[in-house]
Amino acid sequence: DVGIVTYVGTSPERNLKPVPFVETYCSVQLNPTYFPTAFGFNAVERYTELRAGESTLVVWKATTILPECLLRNNGTLNFGYASDEDVLRWTNDSMEVYIDDVLQRTVYNDKCYPSPCEFSLNWHESNREIKVISRSSTTKADMHM
């Protein structure tokens, strides 16, 4: 499962006088509403995260749905994810995170359950797309991360 992208960055106030940079927070939920499935199947509707369904390859993309607070600022994207809880899960299954079609991070279906893991990526105001690819050794959705 992949959870929420929280953006933390800085941006100048949009007014006529010079002011110091201020921290800006915004978030995008990593779910099928904000990240439509471009290829493959998301798991059953009870999952509100990105979780592969009966498929060995799933691609989710967010482009036009990204919020304005993310598109016009530099900052950091914080991702949370969890391994499947089954001891028989395929630990070499992975999820890859891309920004503008450049691979940024690959995470594996291991060591992140019951406590989820997190990682951060740099975001630049020129970036326009976040893509997540799930690769699995099995089509059994209940074994996917």
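Residues numbered from 1 in each chain as written. Predicted model: local features only at pLDDT ≥ 70, side-chain atom pairs only at ≥ 80, totals over all residues. Heavy atoms only, no water.

The helix and strand inventory of the chain stands at 1 helix and 9 strands. When the helices and strands of the chain are listed from N to C terminus, the series reads β-β-β-β-α-β-β-β-β-β. Split into buried and exposed, the 145 residues of the chain put 43% on the buried side. For the chain, long-range pairs separated by at least 24 residues make up 67% of all intrachain contacts whose partners lie at least 6 apart in sequence. Roughly 8100 Å² of accessible area belongs to the chain as shown, and the carbon and sulfur atoms make up 52% of that amount. (Helix = DSSP H or I, 4+ residues; strand = E, 2+ residues; numbered from the N terminus. Buried < 20%, exposed > 50% of the residue type's maximum accessible area, 1.4 Å probe, protein only. Contact = heavy atoms within 4.5 Å. Areas by Shrake-Rupley, 256 points an atom, 1.4 Å probe, with all protein chains shown as cover.)

This brings us to the sheet that holds strand S4 (residues 57-62). The 5 strands are arranged S3-S4-S9-S6-S7 in an open sheet whose pairing can be described as antiparallel. In this open sheet, the two edge strands, each paired with only one partner strand, are strand S3 (37-39) and strand S7 (102-108). Ignoring strand direction, the axes of neighbouring strands in this sheet form an average angle of 25 degrees. Judged from the 6 bridges that link them, strand S6 (residues 94-99) and S7 form a sheet pairing that is antiparallel. If you follow Met95 over to S7, its bridge partner there is Val107. (Pairing = 2+ DSSP bridges. Axes fitted to C-alpha atoms, helices over the stretch in contact; angles between N-to-C directions.)

With that settled, the discussion passes to the packing of aromatic side chains. Applying the stated criterion to the full structure yields 2 aromatic pairs. An aromatic cluster is present here, built from Phe79, Tyr81 and Phe119 joined pairwise through their rings. A cation over an aromatic ring shows up here: Lys131 above the ring of Tyr98, its NZ or CZ 4.9 Å from the ring centre. (Phe/Tyr/Trp six-rings, centres within 6.5 Å; stacked < 30°, edge-to-face > 60°. Lys NZ or Arg CZ within 6 Å of the ring centre and 35° of its normal.)

This part takes up the environment of Ser94. Within the fold, Ser94 resides in strand S6. C-alpha of Ser94 to C-alpha of Thr106: the two residues are 12 residues apart in sequence and 6.6 Å apart in space.

For the rest of this paragraph, the subject is the confidence of the model for the chain. Averaged over every residue, the pLDDT of the chain is 75; residues scoring 70 or more account for 72%. Averaged over each element, pLDDT in the chain is lowest for strand S1 (residues 4-11) (52) and highest for S7 (95). The model gives residues 11-22 a pLDDT under 50, and that stretch makes 12 contacts with residues more than four places away or in other chains. (pLDDT = per-residue confidence, 0-100.)

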